[in-house]
Amino acid sequence: MSLASDIHLPAVQLVNVSMAYRGAAGEVPVLHDVTVGFPERYLTAVMGPSGSGKTTLLHCAAGLERPIGGKVFLGNTELDTGDDRALTESRRRRIGFVFQQFNLLPMLTVYENVALPLRLSGARVRRPVVMEALRQVGLEDKAGRRPAQLSGGQQQRAAIARTLVVEPELVFADEPTGSLDRATGRQVMDLLRHVVDKTGRTVVMVTHDPVAAAYADRVIFLVDGQVMGKIDHPSVDEIAAELGRWES
Ligand SMILES: Nc1ncnc2c1ncn2[C@@H]1O[C@H](COP(=O)(O)OP(=O)(O)OP(=O)(O)O)[C@@H](O)[C@H]1O
Ligand SMILES: [Mg+2]
């Protein structure tokens, strides 16, 4: 193996990122001067107490929200969340986002849901491309079903296929196993691991579950809007112990 393939440059980097929301009592700070990089071809898990800013961090990293301070880099390029249509379109193709509640459209078939990002971007929908995305998540035989006719784990896999269909470099997932039972959650984690190991993508996910986080190459701990810890190649016990420090 060449040395170069062992080097994991940051796929996304947040530099001195701050975020706040306007509340009834004025501005509420959520992220404080966060500097963190997410290495390419890594599965990184973000953990921390409820309200610590994990979803906000993911949204800022994915360009879904614009931080009030600092910069976000996608590779070497500063992520611009402005109105430039071409930039927005290129970001959309480079970044996929998976939600806890799957967000599949109930009236469309699984095939149509997965084809949707291609349709929305104006690309020609080629059946083999959509079927390949479904094959990667093991749902090629469910293409004609509606989401309600799938189990929770299958729905989440369909949602992952929908992000993979545009072949993004990066996949963000906010509590992708949060609505699933343990066994089904593991299938989804196996799939995300596969997405990193077999297709060379970068995945950044938020989770509250130490078992899910132990699939990651690295876990970072966010507490009160600051990165307070990091474990590489974590075990479930190490994660649980670190979480215990911050959640009590
Ligand atoms: N759109 C918004 N407007 C106002 N406040 C917000 C908004 N989004 C988040 N917040 C606040 O920012 C803080 C961090 O929220 P965030 O959703 O990032 O936390 P989290 O770590 O993802 O929590 P959880 O584990 O419960 O999902 C919370 O106090 C939340 O109430
Ligand atoms: Mg959240």
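A brief look at the structure comes next. Remember, it's a predicted structure, so these values are computed and weren't measured experimentally. (Residues numbered from 1 in each chain as written. Chains lettered and ligands numbered in written order. Predicted model: local features only at pLDDT ≥ 70, side-chain atom pairs only at ≥ 80, totals over all residues. Heavy atoms only, no water.)

1. A few points about the side chain of Thr-163
Rules: A run of H or I in DSSP becomes a helix once it reaches four residues, and a run of E becomes a strand once it reaches two; helices and strands are each numbered from the N terminus. The criterion used for residue contact is that any of the two residues' heavy atoms lie within 4.5 Å.
Tracing the chain through its elements places Thr-163 in helix H5 (residues 152-164). Here Thr-163 is in contact with Gly-96, Phe-97, Val-98, Pro-168 and Val-171, once residues within four sequence places are set aside.

2. Concerning the environment of Ala-183
As a reminder of what qualifies: Burial classes follow relative accessibility: with a 1.4 Å probe on protein chains only, a residue under 20% of its type's maximum area counts as buried, one over 50% as exposed, and anything between as partly exposed.
Inspection of the secondary structure assignment puts Ala-183 in helix H6 (residues 182-199). Judged by relative accessible area, which is 52%, Ala-183 ranks as exposed. When the C-alpha atoms of Ala-183 and Gly-153 are compared, they prove to be 9.1 Å apart, with 30 residues separating the residues in sequence.

3. Thoughts on the sheet that holds strand S8 (residues 202-206)
What counts, and what does not: Any two strands are treated as partners once DSSP identifies two or more bridges connecting them. Lines are fitted to the C-alpha atoms to define the axes, a helix being fitted only along its stretch in contact, and any angle between axes, read from their N-to-C directions, falls within 0 to 180 degrees.
Pairing is mixed in the open sheet, where six strands are placed in the order S6-S7-S8-S3-S9-S10. Here the strands that pair on one side only, and so sit at the sheet edges, are strand S6 (95-98) and strand S10 (226-232). Pairwise comparison of adjacent strand axes, ignoring direction, gives a mean angle of 20° for this sheet. By the bridge criterion, four bridges tie strand S3 (residues 43-47) to S8 in an arrangement that is parallel. Counterpart to Thr-44 in the pairing with S8 is Val-204. Contacts from H6 reach S3 and S8, with the element oriented near 150° to S8.

4. Considering the side chain of Gln-154
Locating Gln-154 in the fold gives a position in helix H5. Beyond its immediate stretch of four places on either side in the chain, Gln-154 contacts Leu-139 and Lys-142.

5. Description of the nonpolar core
To be explicit about the condition: Note on terminology: a nonpolar core comprises buried Ala, Val, Leu, Ile, Met, Phe, Trp, Tyr and Cys residues joined through side-chain atoms within 4.5 Å.
Of all hydrophobic cores here, the largest spans 45 residues; its most connected members are Val-114, Val-130, Leu-134, Ile-160, Met-205 and Val-219. Apart from residues no more than four positions distant in its own chain, Val-219 is found in contact with Ala-45, Met-47, Ala-213, Gly-229, Lys-230, Ile-231, Pro-234 and Ile-239. In this structure, Ala-11, Leu-58, Ala-62 and Phe-172 belong to the second largest nonpolar core, which totals 27 residues.

6. Section: the pattern of salt bridges
Where side chains of opposite charge bring their charged atoms close, a pairing between them can arise. Rules: For salt bridges, the criterion is a side-chain nitrogen of Lys or Arg within 4 Å of an Asp or Glu carboxyl oxygen.
Considering all chains together, one arrives at 11 salt bridges under this definition. Residues Glu-40 and Arg-41 are paired through a salt bridge, measuring 3.6 Å at the closest nitrogen-oxygen approach. Here Arg-94 makes a salt bridge to Glu-169, at a shortest N to O gap of 2.9 Å. Here Glu-169 lies in the loop between H5 and strand S7 (170-174) and Arg-94 lies in helix H2 (residues 85-94), a separation of 75 residues in the sequence. For Arg-94, a relative accessible area of 23% corresponds to the partly exposed category. Classification of Glu-169 by relative accessible area gives partly exposed; the value is 41%.

7. Describing the site of ligand 1
Note the threshold: Residues are labelled near a given molecule or strand when at least one of their non-hydrogen atoms is within 4 Å of it. In protein, a polar contact means a hydrogen-donor-capable atom and an acceptor-capable atom, both N or O and within 3.5 Å, with residues adjacent in sequence counting only if both atoms are side-chain atoms; elsewhere, any N or O pair within 3.5 Å suffices. Working definition of accessibility: Shrake-Rupley area with a 1.4 Å probe, residue cover restricted to the visible protein chains.
Close contacts around ligand 1 come from Tyr-21, Val-30, Pro-49, Ser-50, Gly-51, Ser-52, Gly-53, Lys-54, Thr-55, Thr-56, Glu-175 and His-208, and that covers them all. The contact in question runs from an oxygen atom of ligand 1 to an N or O atom on the backbone of Ser-52, over 3.2 Å. Note that an oxygen atom of ligand 1 is positioned 2.8 Å from one of the side-chain N or O atoms of Thr-55. Contact with the protein chains removes 57% of the 640 Å² of surface that ligand 1 exposes when unbound.

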